[in-house]
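The lines below spell out each chain.
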Amino acid sequence: MYPAVNGSIRQIVLFDVADEIRLDRLGHALGIMALDRGPAFPRNTPDYVRFERPPLVEPMTVGNFEARAKYYHYGVVSLEIDQQFSLDWPELIERSVALLADTSLEQRAMELLRSRLEQASDALVNPYRDWLDEDYVIITVLPEGTAAELLAQHGRQIAQIIRGENRALSDGEMQEILSASLSYYPNDLLVAGWSVAFIYDTPAA
């Protein structure tokens, strides 16, 4: 019997929509307030680590989940969806595999963002008819011990989450995935894959 772990899942879909987005025009058309600086960072960060031209952020609701659209001046728009969870490890693996296999989010995100940008078409410089897209999943588990303890007890499950696999991976594949893990403090951990990142830490902004 696995104990429940608590955390959040953030799905991110990015679209390359134009050569440039004039954020002032976009904000006026959609009624979005501009940020004074870039998005806040959760810990002390050097002043130069910020967006020179921060994105416009528009809160949304997608289904039953909180979401936000971010419009960047260099022509990229992202949609981020957050959901909280309290699951045991097999359930978390199953959820992550299902999210990676579900391609409907990209279509829903594209339809939602196209409808918003159609209301601010004069804000787009050389808009693209066909959008390039990328998607990512970030799974954050709240810490209840050290990163070393987590890897010793659940390294195999973390590797499955990173690869989106229901079946246990070989020892060699597991070690390859976990060899790229990073920690700054004893109780935090980052394991990044091609389209999935596993974070063991307190929630970030």
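Given the structure is predicted, the values throughout are model-derived calculations rather than measurements.

About the criteria used
- Residues numbered from 1 in each chain as written.
- Predicted model: local features only at pLDDT ≥ 70, side-chain atom pairs only at ≥ 80, totals over all residues.
- Heavy atoms only, no water.
- Helix = DSSP H or I, 4+ residues; strand = E, 2+ residues; numbered from the N terminus.
- Expected span 1.5 Å × (residues − 1).
- Buried < 20%, exposed > 50% of the residue type's maximum accessible area, 1.4 Å probe, protein only.
- Arc of directions from axis to C-beta.
- Phe/Tyr/Trp six-rings, centres within 6.5 Å; stacked < 30°, edge-to-face > 60°.
- Lys NZ or Arg CZ within 6 Å of the ring centre and 35° of its normal.
- Pairing = 2+ DSSP bridges.

Enquirer: For this particular structure, what's the right way to read helix α3 (residues 104–118)?
Expert: Along an α-helix, a turn takes 3.6 residues, which lines up residues three or four apart on a common side. A rise of 1.5 Å per residue sets the reference length of α3, with its 15 residues, at 21 Å; its end C-alpha atoms lie 21 Å apart and thus fit the reference within 8%. Buried within α3 are the following residues: L105, A109, M110, L113, R116 and L117. Taken end-on, α3 shows its buried residues confined to a sector of 130°, consistent with a single buried face.

Enquirer: Sorry, what's going on with the packing of aromatic side chains here?
Expert: Note on aromatic pairs: each is described by the distance of the centres and the angle between the planes. Enumeration according to the criterion identifies four aromatic pairs in this entry. Seen from their ring centres, Y72 and Y74 are 5.4 Å apart, and the 25° between their planes marks the pair as stacked. For Y72, a relative accessible area of 10% gives the class buried. Note on Y184 and Y185: the rings are 4.8 Å apart at their centroids and 80° apart in plane angle, and the pair reads as edge-to-face. Just above the ring of W131 sits the side chain of R114; from NZ or CZ to the centre is 4.0 Å. Lying over the aromatic face of W194, R163 brings its terminal NZ or CZ to 4.2 Å of the ring centre.

Enquirer: Sorry, what's going on with the pairing of strand β5 (residues 124–141) here?
Expert: Walk down a regular strand and you will see the side chains alternate between the two sheet faces. Here strand β1 (residues 5–21) pairs with β5 via 13 bridges, running antiparallel. What sits directly across from E20, in β5, is V125. The pairing of β5 with strand β7 (residues 196–200) spans five bridges and is parallel. The residue of β7 that forms the bridge with T140 is I199.

Keep in mind these values describe shape, not function.
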